[in-house]
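# Structural overview for review
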Amino acid sequence: MTNASHYPLVLGPTIAGMIVPKLLIDGAVGLNIIFVDTLKKIGLDFTSLLTPTDVPFNGIVPSKAAMPLGQITLPVMFGNPNNFQMEFIKFEVANFESSYHAIFGRPALAKFMAIPHYLYLLLKMLGPNGVLSF
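Nothing here was measured: the structure is a model prediction, and the numbers come from that model.

### Brief notes about the nonpolar core
- Core analysis: the biggest nonpolar cluster contains 27 residues, and Ile34, Phe78, Phe91 and Phe104 have the highest contact counts within it.
- At the level of elements, β1 (9-11), β4 (23-25), α1 (36-42), β6 (70-80), β7 (83-94), β8 (102-104), α2 (106-112) and β10 (122-127) are the ones that each hand at least two residues to this core.
- Looking at this core element by element, the count peaks at four residues for β6.
- Setting aside residues no more than four positions away along its own chain, isoleucine 34 makes contact with Ile15, Leu39, Ile72, Leu74, Phe91, Glu92, Val93, Ala94, His101 and Ala102.

See below:
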């Protein structure tokens, strides 16, 4: 496969009880982002769950800093009922368009103790009944 490392690692975990099919794994960024449209599709009344933040982030919107609406902590699960891992992940809530539903950065990968393999488009982590591969 030519240019194998140029394809994005996109997975479909369960976030807040709903499968979110387009989660980008990007181990180069230092934050986790979820978009307002995704929270609306999940059906959360997220405005009451937001924690205020005044720290902008760069590199997402070209040529300018983006200001998140706040932070939200949500349960994220990978796997199936027989073998899964679930963690509570803190996301920055962004109010702009994206082709992804959410972005996992280093903080989420560290919390799951997950290892991304970008060449194979694979994510591995330990579950209670063995290794989980996605």
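### A word on the side chain of asparagine 83
- The residue asparagine 83 is located in strand β7 in this model.
- Among the polar contacts listed, one links the side chain of asparagine 83 to the backbone nitrogen of asparagine 129, at a separation of 2.9 Å.
- Among the polar contacts made by the side chain of asparagine 83, one reaches the main-chain carbonyl oxygen of glycine 130 at a distance of 3.4 Å.
- Sequence-distant contacts of asparagine 83, defined by excluding residues within four places in its chain, comprise Phe78, Gly127, Pro128, Asn129, Gly130, Val131 and Leu132.

### A short note on the sheet that holds strand β9 (residues 115-117)
- Across the sheet, which stays open at both edges, the three strands sit in the order β9-β10-β11 with antiparallel pairing between neighbours. The sheet is open, and its two edges are formed by β9 and β11 (130-133), each paired on a single side. Here the average twist between neighbouring strands, direction ignored, is 25°.
- Summarising the sheet, β9 and β10 pair through three bridges and their orientation is antiparallel. Its bridge partner lying in β10, isoleucine 115 is registered against lysine 124.

The rules behind these values
- Residues numbered from 1 in each chain as written.
- Predicted model: local features only at pLDDT ≥ 70, side-chain atom pairs only at ≥ 80, totals over all residues.
- Heavy atoms only, no water.
- Core = buried A, V, L, I, M, F, W, Y, C linked by side-chain atoms within 4.5 Å.
- Buried < 20%, exposed > 50% of the residue type's maximum accessible area, 1.4 Å probe, protein only.
- Helix = DSSP H or I, 4+ residues; strand = E, 2+ residues; numbered from the N terminus.
- Contact = heavy atoms within 4.5 Å.
- Polar contact = N/O pair within 3.5 Å; in protein donor to acceptor, adjacent residues only side chain to side chain.
- Pairing = 2+ DSSP bridges.
- Axes fitted to C-alpha atoms, helices over the stretch in contact; angles between N-to-C directions.

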